[in-house]
Amino acid sequence: MMGAARPPGQRRERLRKWAGTPVTALVSALSAALGLWVLWRVLDWTVLSAISPAHPMAICADAHGACWRFYVEKSRFMLFGTYPYSEHWRPALVSALLLALSGLVGLRITGRLSFIRPRVLIAAWLVMIPLVFVLMGGGWAGLAPVDISRWNGMPVLLILSVIAIALSLPLGVMLAVLRYQSRWPVLRRAAVVYIETMRGIPMVTVLFVGVFVLPLTLPPGTVISPVLATLVALIFFHASYFAEDVRGGLQSLPGSQDEAARSLGLSWGQMMRLVLLPQALSRSLPALVNSVIGAYKDTSLVVVLGIHDLTSTARMAFSEPGWGGFAFEAYAFVGAWFLVSCAFLSWVGRELHRRQGAQGG
Amino acid sequence: MQDCRPPLARVRPDWLGIAVVGLVAAGLGLLGVNVILNMHAAGLTPGYGFMAQAAGFDLSESLIPYTAGDTYARVIFAGLLNTVFLALASLALATVLGVVMGLVSVTPSPPGRAVALLYVELFRNLPKILVLLVLYVVAVRGLPPVRAALSLGPAHLSNRSIYLPTVLPDPSQIWLILPLAASALAALWWTRKAARIKRDTGREWPVVPVVLALIVGGPLGFALLADVPLTLSLPRLERFDYVGGMRLSVQFIVVLLTLGLYHGAQICEVVRGGILAVPAGQVEAARALGLTSGQVTRLVVLPLVLRTVIPPMINQYVNLIKNTSIAIAVGYSDLMSVSGTIINQTFRPLEMMLVTMGLYLGLCLLASSLMNRVNDRLQARTARTAP
């Protein structure tokens, strides 16, 4: 906000802020130079030296900036890959449904849309997950069947992130409870071993186990597609991280909750279900959101297995002969998508932090 | 919660737990039977005998002498060494970057804070694999070919490798271990003595410069006196490529930069949180005692920051070690990509993945237990000096 007549002291104040000590002045100068340079390069690439989408592709060959025509030509390929062209509405619908449901969950846990019951959301997920596979796979009601190897791009990214997260949450909560309780020491020990092992190995090795070892463990003759195998591996992997977040919530509960529940005559199961878990889950929500962001971003690691999620279809889009010059356009597309979606998730996380700060808990 | 049961209380065995674990074990056994059946169908028997066979593939780079005729076990070891090397280099880069940006993010300078914020938000909201792929495209497309390499003194940078001068290895260099050990002992003695003097008299004796001089000067002096060959090897351009010197592939540099930038952003947040968590009263009290601003930072703020920062830092370091496995995406021969190649060659996913996971688990446990020990000592020291 710029006041019309600034008091004379304010300018000196600003100068002191920027260059109070020699170190501050140096940091200011370097940062400003770096910031301006980055800003200039971004502006130059996206606008000044860029080719507008109205021009044909041929002009783009020796341009320094972005070729916006590339998106006109390739965005459908980057979004849906080799899915049959005439059937693109199906992956589009699946992606929209998954995004809408995830967005609803995100808004609900920040306290908005409180008229939606959690039970309704859980039911929606239970309906949605099979629906996604049925809609993508086809083979009913006149929908052409599409082999799972042709599921590419955005729907694969969303299936492997959103559905894996949705399915691993219950498993994670169960593991957290097993690790927290002291009633069944063997189970507790087993949960500790599982969680610590999973958290001690890289996700890439877990993905490799899913794609290479999991098919071996099935009865001879059974075939499992890499996408499904990865989904299974991701569910087991994320569960261990979620388990630790929820355990944090459980451990932060005061012991009096436990005692009060017991003195009311609740059984162990009732105490967990009615008293401890609801409070623990709401306390661990910020940590869970952080883990969800990590899990969502890491989903793109499946590119090393040759599974065609968004990052991989973007790479395919510039790997064809003649398209090699458009790597930055393709990756900028993926980057923009992740920046936008992660910004939403971080916003949810910040809202939760703010609310918990306000509650003082 | 302490155990406050009466000593004679009967401990019921955990039948439910034993039953569930037994069921899970039985399920795993069933899967194992399937593995054996499937491998028999492919004409293989599970086992680790293949480890002694010749690998037959070449590594793009290796820290130990390795040829395609060596065994699978040696290839795995070479991959493990590459992973450790990559992890150590990235740890150093990420720590330096993270601490510098963390300090910048709390400076009074608005542009500095803006740049730090931009950096953190960018790398926290992009997947690391995307950063890696973009940097790889930049390096391969943006850097000049070998013949037109960018040169800075004796170092050369091309789109395939970075070439650095190095000391030629010589068998007699093994004797340098002796003066190195002696210098380390002397340095240890000096550190203890300086600490004792500081405790008794309050006088500050130089520690870091003396230790550095001892560690570097001892072996160097020994090499000069005893005539141990320390020939410098400079990279020079032959017909198609540079020869001599040390060669670091562009894949290595790209993964190093990715991990450094990515975890630098995380460490920046850790450092920022640690600095902001220092109670303002501590700084005010130190100022009121008449300490200069440098002394306030060194004697009051830094010890407090260090204490809060180390546990999350250990987390970051362990994550970084695990994340070196993304190097497989650009084909740096780390542990993961070596074991991927072996799986494709021998079709032994179960055995290889068990070995690989075991090695990563071991590395992570080693790193976290080492750093936890450092943390314990630090906490114990601050606790001892506290009233």
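The name that an unreviewed UniProt entry assigns to chain B is ABC transporter permease subunit, with the source organism given as Ancylobacter pratisalsi. Its UniProt record gives chain B a comment under Sequence similarities (unreviewed entry), which states: "Belongs to the binding-protein-dependent transport system permease family. HisMQ subfamily." As stated in UniProt under Subcellular location (unreviewed entry), the record for chain B gives "Cell membrane".

Per an unreviewed UniProt entry, chain A carries the name Amino acid ABC transporter permease and comes from Ancylobacter pratisalsi. Taken directly from UniProt, the Sequence similarities (unreviewed entry) text for chain A runs: "Belongs to the binding-protein-dependent transport system permease family. HisMQ subfamily."

A. Structural view of a nonpolar patch on the surface. Residues and elements named next belong to chain B. The grouping of Val167, Leu180, Ile215, Val216, Leu220, Leu230, Leu232 and Leu234 at the surface amounts to a nonpolar patch, some 670 Å² of accessible area in total. In terms of residues, the nonpolar patch owes the most to one element, helix 6 (residues 208-226), which gives three residues. Relative to the helices and strands, Leu234 is located in the loop between strand 5 (232-233) and strand 6 (236-237). Since its relative accessible area comes to 44%, Leu234 is described here as partly exposed.

B. Main features of the UniProt feature "domain: ABC transmembrane type-1" (unreviewed entry) in chain A. Following the UniProt record, one finds the feature "domain: ABC transmembrane type-1" (unreviewed entry) at residues 154-349 of chain A. Within residues 154-349 of chain A, the helical portion is 80% and the strand portion 0%, while the C-alpha atoms at the span's ends are 24 Å from each other.

C. Representation of helix 4 (residues 128-142) of chain B in the model. The end-to-end C-alpha distance of helix 4 of chain B is 20 Å, a good match for the 21 Å that 15 residues give at a rise of 1.5 Å each. For helix 4 of chain B, the set of buried residues is Lys128, Ile129, Leu130, Val131, Leu132, Leu133, Val137 and Ala139 of chain B.

D. A look at the domain arrangement of chain B. On domain assignment, one finds that chain B holds domain 1 (54-164 + 243-385) and domain 2 (169-230). Each of domain 1 of chain B and domain 2 of chain B has a C-alpha centre, and the two are 28 Å apart.

E. Main features of unusual backbone geometry. Of note, the phi angle at Leu113 of chain A is positive, near 55°, even though the residue is not glycine. For Leu113 of chain A, the location among the structural elements is in the loop between helix 4 (89-109) and helix 5 (118-137).

F. Structural view of helix 5 of chain A. Residues and elements named next belong to chain A. The end-to-end C-alpha separation of helix 5 is 29 Å, in line with the 28 Å expected for 20 residues at 1.5 Å each. Among all positions of helix 5, only Leu121, Trp125, Met128, Ile129, Val132, Leu135, Met136 and Gly137 are buried. In this fold, the buried residues of helix 5 make contact with helix 4 and helix 6 (154-180). Immediately downstream of helix 5, the backbone of Gly138 shows phi near 70°, a positive value.

G. A look at the pattern of salt bridges. Under the criterion given, the structure shown has 15 salt bridges over all chains. Here Glu73 of chain A ties to Arg69 of chain A by a salt bridge, and the two come within 3.2 Å at their closest N and O atoms. Residue Glu73 of chain A and its partner Arg69 of chain A are both found in helix 3 (residues 69-80); the two are separated by four residues, about one turn of the helix. Note that Arg199 of chain B and Asp200 of chain B form a salt bridge whose closest N and O atoms lie 3.6 Å from each other.

H. Structural context of the interface of chain A and chain B. Counting residues at the interface gives 52 residues for chain A, matched by 53 residues for chain B. Together chain A and chain B conceal approximately 4,400 Å² of surface at their shared face, both sides included; 76% is due to carbon and sulfur atoms. For chain A, the biggest contributors to the area lost against chain B are Leu216, Lys297 and Tyr331 of chain A; these three give 14% of the whole. Inspection of the chain A/chain B interface yields one salt bridge. Linking chain A with chain B are 10 residue pairs in polar contact (both at pLDDT 80 or more), by the criterion used here.

I. Spotlight on the nonpolar core. Grouped together as the largest cluster of nonpolar side chains are 176 residues, with contacts concentrated most on Phe70, Leu98, Val132, Trp151, Leu160 and Phe208 of chain A together with Ile342 of chain B. A total of 14 residues in this core trace back to one element, the largest contributor, which is helix 6 of chain A. In this structure Phe70 of chain A touches Met57, Ser75, Met78, Ala317, Trp323, Phe326, Glu329 and Ala330 of chain A, once residues within four positions along its chain are discounted.

J. Representation of the UniProt feature "transmembrane region" (unreviewed entry) in chain B within the structure. Residue and element names in this part refer to chain B. The feature "transmembrane region" (unreviewed entry), as given by UniProt, occupies residues 15-37, 75-104, 174-192, 204-226, 246-265 and 352-371 in the numbering adopted here. Secondary structure across residues 174-192 comprises 84% helix and 0% strand; the distance between its end C-alpha atoms is 28 Å. Helix makes up 100% of residues 352-371 and strand 0%, whereas the separation of the span's terminal C-alpha atoms amounts to 29 Å.

What counts, and where the lines are drawn
- Residues numbered from 1 in each chain as written.
- Chains lettered and ligands numbered in written order.
- Predicted model: local features only at pLDDT ≥ 70, side-chain atom pairs only at ≥ 80, totals over all residues.
- Heavy atoms only, no water.
- UniProt positions renumbered as here; feature names shortened; annotations may be inferred.
- Patch = residues over 30% accessible without salt bridge, like charges linked within 9 Å, V, L, I, M, F, W, Y side chains within 5 Å.
- Areas by Shrake-Rupley, 256 points an atom, 1.4 Å probe, with all protein chains shown as cover.
- Salt bridge = Lys/Arg side-chain N within 4 Å of Asp/Glu carboxyl O.
- Helix = DSSP H or I, 4+ residues; strand = E, 2+ residues; numbered from the N terminus.
- Buried < 20%, exposed > 50% of the residue type's maximum accessible area, 1.4 Å probe, protein only.
- Expected span 1.5 Å × (residues − 1).
- Domains from an automatic or database assignment.
- Contact = heavy atoms within 4.5 Å.
- Buried area = accessible area lost by both parts, 1.4 Å probe.
- Polar contact = N/O pair within 3.5 Å; in protein donor to acceptor, adjacent residues only side chain to side chain.
- Core = buried A, V, L, I, M, F, W, Y, C linked by side-chain atoms within 4.5 Å.

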